[in-house]
Amino acid sequence: MPIIIIQPQAVAPPMIKDSDASSDSSSDNGGGADIDIDMTGMESHPQSGSGGAGIVTPGQIITTDSQWMRGHGTQLVNSSTIKATVAGTVSRTNKLLSVSAMRARYIPEVGDLVVGRIIEVQAKRWRVDVNAPQNAALPLSSINLPGGILRKRTETDELAIRNFFSEGDLLVAEVQGLLGDGGAMLHTRSLKFGKLRNGLFLAVKGQGGGHGGGVVKSRRQTWTIDSPEGGGKAIDVILGVNGYVWIQMHVHGEGVTAETKVGLNRLDEAAASAGNVYSSQNDRIDRETTREIARLRGVVTVLAEYGLRIDEEMVMRGYREAVELAKEMDAVEDIYLGGEKGDTLARILSGR
Amino acid sequence: MATNQQQVLISPAELAYLHASLSLSPEPIRPDGRSSTQFRPLVAETDILPGTNGSARICFADGSEAIVGVKVEVEKTKPKAGAMINPEEGKEEKGDTGVEGGGGFDDDKKNYSNDWVELAVDIPGHRDDDPGTAFLGNMILEALLEDGELVKRLRINSRFHWKMYLDVLLISQPLSYPLPLLSLTTHLALLSTRLPCLISEGDEDPMFDDDWAASTNLYPPRGEKSKLSTSRPPITLLVMSVGHSILFDPTYEELAVADAVLAVSVSEEPTKPVPQDTIATPKQAKDRALRLLSIRSIDPPSRITPPGVPNGLNPATNGEVAGLQPKHAEARTAEVPATEGVWKAPRGGVSRSVLSAMVFKALEKGGVADEVLDGLQGVEMASEILE
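Residues numbered from 1 in each chain as written. Chains lettered and ligands numbered in written order. Predicted model: local features only at pLDDT ≥ 70, side-chain atom pairs only at ≥ 80, totals over all residues. Heavy atoms only, no water.

## Looking at the overall build of chain A
Secondary structure summary: chain A contains eight helices and 20 strands in total. The burial tally for chain A puts 51% of its 352 residues in the buried class. Relative to all contacts within chain A whose residues are 6 or more apart in sequence, the contacts with residues 24 or more apart total 64%. If you sum the accessible surface of chain A, you get close to 16,100 Å²; carbon and sulfur atoms cover 51% of it. (Helix = DSSP H or I, 4+ residues; strand = E, 2+ residues; numbered from the N terminus. Buried < 20%, exposed > 50% of the residue type's maximum accessible area, 1.4 Å probe, protein only. Contact = heavy atoms within 4.5 Å. Areas by Shrake-Rupley, 256 points an atom, 1.4 Å probe, with all protein chains shown as cover.)

Here it is as structure tokens:
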């Protein structure tokens, strides 16, 4: 069936359960008026009366009761009226009202692992799209030189800047620092970071992407699947905190998941052996591995589309379920996860 | 040839991966796991705009969304330039109308004018006179006019006709080349178009029934008695080739590695009008003969993608840090031999056999166009049941 046509449906209620509200109801017994009562008392916005689960738009009055405190995504006017400043869902923690945005860009924080794309090459630095309000900067001095040579960057390096990264290249990096205006400075001074190859890119909404979905910051942003289905080669998954995802064939001793036990003094040796940091040449990738990479990408897409959390646990669970589903549902095993199959997968993963 | 020359920001390594994955034989592996003839799942509905004669909305899962509204108004048919000079021909035309009442199918083509249909495409972030936008609109319009069936349906009598305005609006950013999306939405909107019921007869000034419930479908559903033929509006499909793989409904990143991209417009071969006393059986409806209306080649964005640098020519992978000999500096632009795993933008044309395979795959019985027409037919029926 080459075409799947879905009947349009009414807007579904947000998938995320208001965990704050449930924990709050037990702890907040004597705490005065409940927000639900408060909001139904409001004149003009019937949709916010439904227990705060509705969507508010910027400028919409959330409450006029002075007992609430304003949190993120809100603004206080007239000392008691709280207005939303972003479009999203109202959430509350005790007396704090905040609005989590439906769509938000990634706000960089020091130490985040991000996947970025070079947008612009300047004299001494690159401009990198990391899904943040501003493009991040990657200075020439913050990258490893091939061979791990440690020295000052010269004019020669500046002239050859496109040998390292040029426009459109994808890279994995870490946020090294933040500028006053919120822009991020990146670095790739580790063999774990650098140019990406042998794989597929996928952009989902990142942290802060509202509705509880998107890539969440977790213990491990990158991991290796050693024995994927179908007997392909090992596959690395890189979940950038900024919502950019990279799935690649694992190359032994290379890339973000490589075991870097090398100290600084052995850095040059290791770098010389893994001299492919700036390579844009792919290795030979067999059919089985390609298929599993596409399947993993499908799993992440489903997680993103249904507003589910994206982290190692969910992706791996989703991947195993997808393999099972494909075996169960299709006569000919099919890796496509659109339409009904995506629904089923999301239902299994969200436990409903 | 259309230009779709927007700079693609995809790294050479990604392009090389996509190309390798899409040109796998026997069956390519698409990045989203679809099979080569599969469309992205879409959400479709009709009759969404109350102020129009017909409207439809289609959304792809990736977020691209289009709305089409159809508006018609009565317009006086301009006499042909020839008719002004030669009054006999005008008489002849009048004579034709007598025949028209009975058949309406094989009457004189001179009566119809392609000016009766106007189509405007609006794409956010692009000017109306942008060559890309204009080309998109013309491709959709070309199929509609080339089919000939639409204009025939707009005739009221020898002096009046319906003037049709099609407004095609892409709501989202153009994430991939929006031609199939816009064409399918236009198809659905035309299927849902209703015209007021004519109560005047012959060449009188047209009078219409006020009751909207009495209005008639521009394209009557199958099985309904009608003097018009049972054809459907045409659709335009986007087909691309990579190596020997032929893919339908390509995404943005797939287009970035395409060897060739074709827009193939297809319609049904008009069947003879169903006689008033018999009703088309489902079997008859299924026996559809497809007709090729037009083929346009679209310049794929792959031609302007940056080439990859083989490791052997890349100073950054040789460990020669400061080895900035001129020959290395030129290595990026100079001709490099094709190396496995290194992206190189496609050049030149594609072989005739691949082109004919692309068209054949779209047109064959039970092929993509057939299934898509069936699928869209289902949407129209579903919305009628809801009413």
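## As for the UniProt feature "domain: RRP4 S1" (unreviewed entry) in chain A
Here the UniProt-annotated "domain: RRP4 S1" (unreviewed entry) positions come out as residues 105-176 of chain A. Along residues 105-176 of chain A, the helical share is 12% and the strand share 35%, with 19 Å between the first and last C-alpha atoms. (UniProt positions renumbered as here; feature names shortened; annotations may be inferred.)

## Details of the interface of chain B and chain A
Facing the 54 residues of chain B at the interface are 55 residues of chain A. For the pair chain B and chain A, the summed buried surface comes to about 4,500 Å²; carbon and sulfur atoms form 58% of the total. Our enumeration of links across chain B and chain A arrives at three salt bridges. For B:Glu253, the salt bridge identified is with A:Arg297, shortest N-O distance 2.7 Å. For the pair chain B and chain A, the number of links is 13 residue pairs in polar contact (both at pLDDT 80 or more). If you list the elements that add at least two residues to the side of chain B that touches chain A, you get helix 1 (12-22), strand 1 (42-46), helix 9 (315-318) and helix 12 (368-386) of chain B. At seven residues, the largest contribution of residues to the side of chain B that touches chain A is made by helix 1 of chain B. Counted by class, the side of chain B that touches chain A contains 29 nonpolar, 13 polar and twelve charged residues. Pairing of strand 1 (residues 5-6) of chain A with strand 1 of chain B, which is carried by two bridges, proceeds in the parallel orientation. The residue of strand 1 of chain B that forms the bridge with A:Ile6 is B:Val43. (Buried area = accessible area lost by both parts, 1.4 Å probe. Salt bridge = Lys/Arg side-chain N within 4 Å of Asp/Glu carboxyl O. Polar contact = N/O pair within 3.5 Å; in protein donor to acceptor, adjacent residues only side chain to side chain. Nonpolar A, V, L, I, M, F, W, Y, C, P; charged D, E, K, R; others polar. Pairing = 2+ DSSP bridges.)

## Section: helix 11 (residues 352-363) of chain B
Residue and element names in this part refer to chain B. Its twelve residues place the ends of helix 11 17 Å apart at the C-alpha level, agreeing with the 16 Å of an ideal helix rising 1.5 Å per residue. Within helix 11 the residues assigned to the buried category are Val354, Met358, Val359 and Ala362. Buried residues in helix 11, looked at end-on, bunch into an arc of 135°, giving them a common side. Opposite its buried face, helix 11 presents the exposed residues Arg352 and Phe360, each directed more than 90 degrees away. (Expected span 1.5 Å × (residues − 1). Arc of directions from axis to C-beta.)

## Digging into the packing of aromatic side chains
Residues and elements named next belong to chain A. If you walk through the whole model with that rule in mind, you get five aromatic pairs over all chains. Ring geometry for Phe165 and Tyr278: centres 5.3 Å apart, planes at 75°, overall edge-to-face. Here Phe165 is found in the loop between helix 4 (161-164) and strand 12 (170-178), whereas its partner Tyr278 is found in the loop between helix 5 (267-273) and helix 6 (287-305), with 113 residues between them in sequence. Each member of the pair, Phe165 as well as Tyr278, is classed as buried. By way of ring pairs, the aromatic residues Trp126, Phe164, Phe165 and Tyr278 are connected into one cluster. (Phe/Tyr/Trp six-rings, centres within 6.5 Å; stacked < 30°, edge-to-face > 60°.)

## Observations regarding the confidence of the model for chain A
Overall, the prediction assigns chain A a mean pLDDT of 78, with 76% of residues at 70 or greater. Confidence, expressed as mean pLDDT per element, reaches its minimum in chain A at helix 1 (residues 19-27) of chain A with 40 and its maximum at strand 11 (residues 136-139) of chain A with 95. (pLDDT = per-residue confidence, 0-100.)

## Considerations on the nonpolar core
Ranked by size, the top nonpolar core spans 117 residues in total, and within it A:Ile310, B:Met164, B:Leu166, B:Leu179 and B:Leu190 carry the most contacts. At eight residues, the largest contribution of residues to this core is made by helix 6 (residues 179-191) of chain B. Ignoring sequence-local partners within four residues, the contact set of B:Met164 consists of B:Val70, B:Lys71, B:Val72, B:Trp116, B:Val117, B:Glu118, B:Leu150, B:Leu154, B:Leu190, B:Thr193 and B:Leu218. Counting 24 residues, the second largest nonpolar core, distinct from the first, contains A:Val128, A:Leu145, A:Leu171 and A:Ala173. (Core = buried A, V, L, I, M, F, W, Y, C linked by side-chain atoms within 4.5 Å.)

## Notes on the side chain of B:Asp259
Residue and element names in this part refer to chain B. Turning to its location among the elements, Asp259 is positioned in the loop between helix 7 (252-255) and strand 10 (260-268). Nearest to the buried, unbridged Asp259 among oppositely charged side chains is Arg303, at 6.8 Å. One polar contact links the side chain of Asp259 to the main-chain amide nitrogen of Gly243, over a distance of 2.8 Å. (Lys, Arg positive; Asp, Glu negative; His and termini not counted.)

## Some remarks on the side chain of A:Arg117
Mapped onto the elements of the fold, A:Arg117 is located in strand 9 (residues 113-121). Residue A:Arg117 is classed as buried on the basis of its relative accessible area of 10%. Only 3.1 Å separates the side chain of A:Arg117 from the backbone oxygen of B:Leu9, close enough to count as a polar contact. Among the polar contacts made by the side chain of A:Arg117, one reaches the side chain of B:Glu14 at a distance of 2.8 Å. Once residues within four sequence positions are removed from consideration, A:Arg117 is found in contact with A:Arg127, A:Val128, A:Asp129, A:Gly168, A:Asp169, A:Leu170, A:Phe201, B:Leu9, B:Ile10, B:Ser11 and B:Glu14.

## Observations concerning the sheet that holds strand 5 (residues 160-170) of chain B
Spatial strand order, 1(A)-1(B)-2(B)-3(B)-5(B)-4(B): six strands in an open sheet with mixed pairing. Each edge of the open sheet carries a strand with a single partner, namely strand 1 of chain A together with strand 4 (117-122) of chain B. Alignment of strand 1 of chain B against strand 2 (residues 54-60) of chain B, held across five bridges, turns out to be antiparallel. Note that in strand 2 of chain B the partner of B:Val43 across the bridge is B:Cys59.

## Quick notes on helix 4 (residues 131-147) of chain B
Each α-helix turn comprises 3.6 residues. Residues three or four places apart therefore point the same way. Residue and element names in this part refer to chain B. Given a rise of 1.5 Å per residue, 17 residues ought to cover 24 Å, and the 24 Å separating the end C-alpha atoms of helix 4 matches this to within 8%. Within helix 4 the residues assigned to the buried category are Gly132, Thr133, Leu136, Gly137, Met139, Ile140, Leu141, Ala143, Leu144, Leu145 and Asp147. Capping the start of helix 4, Asp130 holds a side-chain oxygen 3.0 Å from the backbone nitrogen of Gly132, two or three residues further along. Looking one or two residues past helix 4, Gly148 carries a phi angle of roughly 80°, positive in sign.

## So, the UniProt feature "domain: Exosome complex component N-terminal" (unreviewed entry) in chain A
According to UniProt, the "domain: Exosome complex component N-terminal" (unreviewed entry) feature falls on residues 55-93 of chain A. Along residues 55-93 of chain A, the helical share is 0% and the strand share 54%, with 17 Å between the first and last C-alpha atoms.

## Considerations on the environment of A:Gln134
Residue and element names in this part refer to chain A. Within the secondary structure layout, Gln134 lies in the loop between strand 10 (125-129) and strand 11. Each C-alpha atom, one on Gln134 and one on Ile149, is 31 Å from the other, the two residues being 15 residues apart in sequence. Look past the residues within four positions of Gln134 in its chain and what remains in contact with it is Asp181, Gly182 and Gly183. Side-chain polar atoms of Gln134 contact the side chain of Asp181, separated by 3.2 Å.

## Quick look at the sheet that holds strand 17 (residues 222-225) of chain A
Residue and element names in this part refer to chain A. Strand order across the open sheet formed by four strands is 15-19-18-17, with antiparallel pairing between neighbours. Taken across any chain shown, the strands that pair with only one partner, and hence form the sheet edges, are strand 15 (199-203) and strand 17. Each adjacent strand pair in this sheet contributes to an overall mean axis angle of 15°, direction not counted. (Axes fitted to C-alpha atoms, helices over the stretch in contact; angles between N-to-C directions.)

## Here's the deal with the pattern of salt bridges
Taken as a whole, this structure holds 31 salt bridges over all chains when the rule is applied. We note a salt bridge from A:Arg291 to A:Glu292, for which the minimum N-O separation is 3.6 Å. In this structure, A:Arg317 engages A:Glu313 in a salt bridge whose closest nitrogen and oxygen atoms are separated by 4.0 Å. A residue pair is termed a helical-turn pair when its members lie 3 or 4 positions apart in one helix, as A:Arg317 and A:Glu313 do in helix 7 (residues 312-329) at four residues. By relative accessible area, A:Glu313 is classed as partly exposed at 44%. Salt bridges here are not isolated pairs; linked through shared partners, they connect B:Arg30, B:Asp32, B:Arg34, B:Arg40, B:Asp249 and B:Glu254.

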